[in-house]
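Read off the chains here:
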Amino acid sequence: MADDGGFGFLEVSVDDAAPRLLGCELVSSIGGEEVRVRIVEVEAYDQFDPASHTFRGETPRNRAMFLGAGHLYVYRSHGIHFCCNVVTGEAGIGSGVLIRGAEPVHGIDAMIRRRGRGGAELSNGPGKIGQALAADLSLSGTSLADGPIRLIRRPALSPEQVGIGVRVGISKAADLPRRFYVRGNPYVGRHHGAPGLSEG
DNA sequence: TGGACGATTGACT
DNA sequence: GTCAATCGTCCAA
């Protein structure tokens, strides 16, 4: 296959790509320290989704989401937090997967130092992950194959391990079941008591 | 050019 | 449970 950096498995619809990212690892080498986390909760967004940044077309801000699978998209939330997305699909289609929850695998000391706290508070929310990985807007559009933050593919989880629910913190299309998470993992945020469709 | 809002978090009651 | 922090982006006029 073409030189896709090994991210061909993400060149599918974002609804298919999102659950495939569960269990994969993100590795940050920013600041000379390696921090590695395992993805346990994600949300899918694409160009046809009113809640997506790309719904109204490409802008300087969301340009990274149109670069195709294997790129990183970082945006600022509420002026304070940086949230990381894995861009999916082919170039020209604005789709990506927001990383909402992850569990530490390596470099926990650096994560604790950056976060100022430990436990599940290290990385059980999108802004927390951005801080733990030292992500910022300059990383938006970089490659997940050889950039400051890299993505390492892991085998897909079994269907029983994956929960599906509604997304969190949005006001448009808030009822679409596009949140995927690892059942029973402590680094999956509880949010505002979001019900989820396949709980139980 | 001005104004409203956001894919959030953390502190406080 | 409730609410402030904080600023770039986007839409309306």
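For the structure, see preceding data.
Residues numbered from 1 in each chain as written. Chains lettered and ligands numbered in written order. Predicted model: local features only at pLDDT ≥ 70, side-chain atom pairs only at ≥ 80, totals over all residues. Heavy atoms only, no water.

Caption draft 1: Representation of the layout of surface pockets in the model. Reported here for the largest pocket is a volume of approximately 760 Å³. If you trace the largest pocket, you find 33 residues lining it, with Tyr75, Ser77, Cys83, Leu98 and Pro126 closest to the centre. A breakdown of the residues in the lining of the largest pocket according to their chemical character gives 13 nonpolar, 13 polar and 7 charged. (1 Å grid on protein atoms, 1.4 Å probe; cavity = no way out; pocket = protein on both sides within 12 Å on 5 of 7 lines; lining within 4 Å. Points joined across faces, edges and corners; volume = space filled by probe spheres on them. Nonpolar A, V, L, I, M, F, W, Y, C, P; charged D, E, K, R; others polar.)

Caption draft 2: Layout of the protein's contact with DNA strand C. All residues in the neighbourhood of DNA strand C are listed as Arg56, Thr59, Arg61, Arg76, His78, Gly79 and Ile80. One of the side-chain nitrogen or oxygen atoms of Thr59 is found 2.7 Å away from a phosphate oxygen of DNA strand C. The contact in question runs from a sugar or linking oxygen of DNA strand C to an N or O atom on the side chain of Arg76, over 3.3 Å. Along the lines of polarity and charge, the residues of the surface near DNA strand C split into 1 nonpolar, 3 polar and 3 charged. (Near = heavy atom within 4 Å. Polar contact = N/O pair within 3.5 Å; in protein donor to acceptor, adjacent residues only side chain to side chain.)

Caption draft 3: Geometry of the side chain of Asn85. For Asn85, the location among the structural elements is in strand β4 (residues 81-87). Setting aside anything within four residues of it in sequence, one finds Asn85 in contact with His71, Leu72, Tyr73, Tyr75, Val97 and Leu98. (Helix = DSSP H or I, 4+ residues; strand = E, 2+ residues; numbered from the N terminus. Contact = heavy atoms within 4.5 Å.)

Caption draft 4: How the structure looks around the nonpolar core. Within the largest apolar cluster, 42 residues are counted, with the highest numbers of intra-cluster contacts made by Leu10, Leu26 and Leu151. At 6 residues, strand β2 (residues 35-45) tops the list of elements feeding residues into this core. Look past the residues within four positions of Leu151 in its chain and what remains in contact with it is Phe7, Leu10, Leu21, Cys24, Glu25, Leu26, Ile39, Val86 and Leu144. Of all hydrophobic cores here, the second largest spans 10 residues; its members include Ala64, Tyr75, Cys83 and Val87. (Core = buried A, V, L, I, M, F, W, Y, C linked by side-chain atoms within 4.5 Å. Buried < 20%, exposed > 50% of the residue type's maximum accessible area, 1.4 Å probe, protein only.)

Caption draft 5: Spotlight on the packing of aromatic side chains. Tallied over the full model, the rule gives 1 aromatic pair. When the ring centre of Phe9 is taken as reference, the NZ or CZ atom of Arg153 above it lies at 4.1 Å. (Phe/Tyr/Trp six-rings, centres within 6.5 Å; stacked < 30°, edge-to-face > 60°. Lys NZ or Arg CZ within 6 Å of the ring centre and 35° of its normal.)

Caption draft 6: A look at helix α1 (residues 14-21). Taken as a whole, α1 has its buried residues at Val14, Ala17, Ala18 and Leu21. On an axial view of α1, the arc spanned by its buried residues comes to 105 degrees, and they lie on one face. Looking at the buried side of α1, the elements it contacts are β2, β4, β5 (96-106), β6 (149-152) and β8 (179-182). Looking one or two places after α1, you find Gly23, whose phi comes out positive at around 95 degrees. (Arc of directions from axis to C-beta.)

Caption draft 7: Quick look at unusual backbone geometry. Backbone geometry at His78 places phi at a positive 50 degrees, although glycine is not the residue there. Turning to its location among the elements, His78 is positioned in the loop between β3 (72-77) and β4. The exposure class assigned to His78 is exposed, which follows from its relative accessible area of 74%. Even without glycine at this site, Ala173 takes up a positive phi of about 50 degrees. Inspection of the secondary structure puts Ala173 in the loop between β7 (162-165) and β8.

Caption draft 8: The environment of Phe66, seen in detail. The residue Phe66 is located in the loop between β2 and β3 in this model. Setting aside its immediate chain neighbours within four residues, Phe66 contacts Gln47, Thr54, Gly57, Glu58, Ala91, Gly92, Ile93 and Gly94.

Caption draft 9: View of the pairing of β2. Most of β2 is tucked away, with 10 of its 11 residues classed as buried. Pairing of strand β1 (residues 25-28) with β2 involves 4 bridges; the strand directions are antiparallel. Paired with Ser28 across the bridge in β2 is Val35. The sheet contact formed by β2 and β8 spans 3 bridges and is antiparallel. When the bridges of β8 are listed, Glu43 appears paired with Arg179. (Pairing = 2+ DSSP bridges.)

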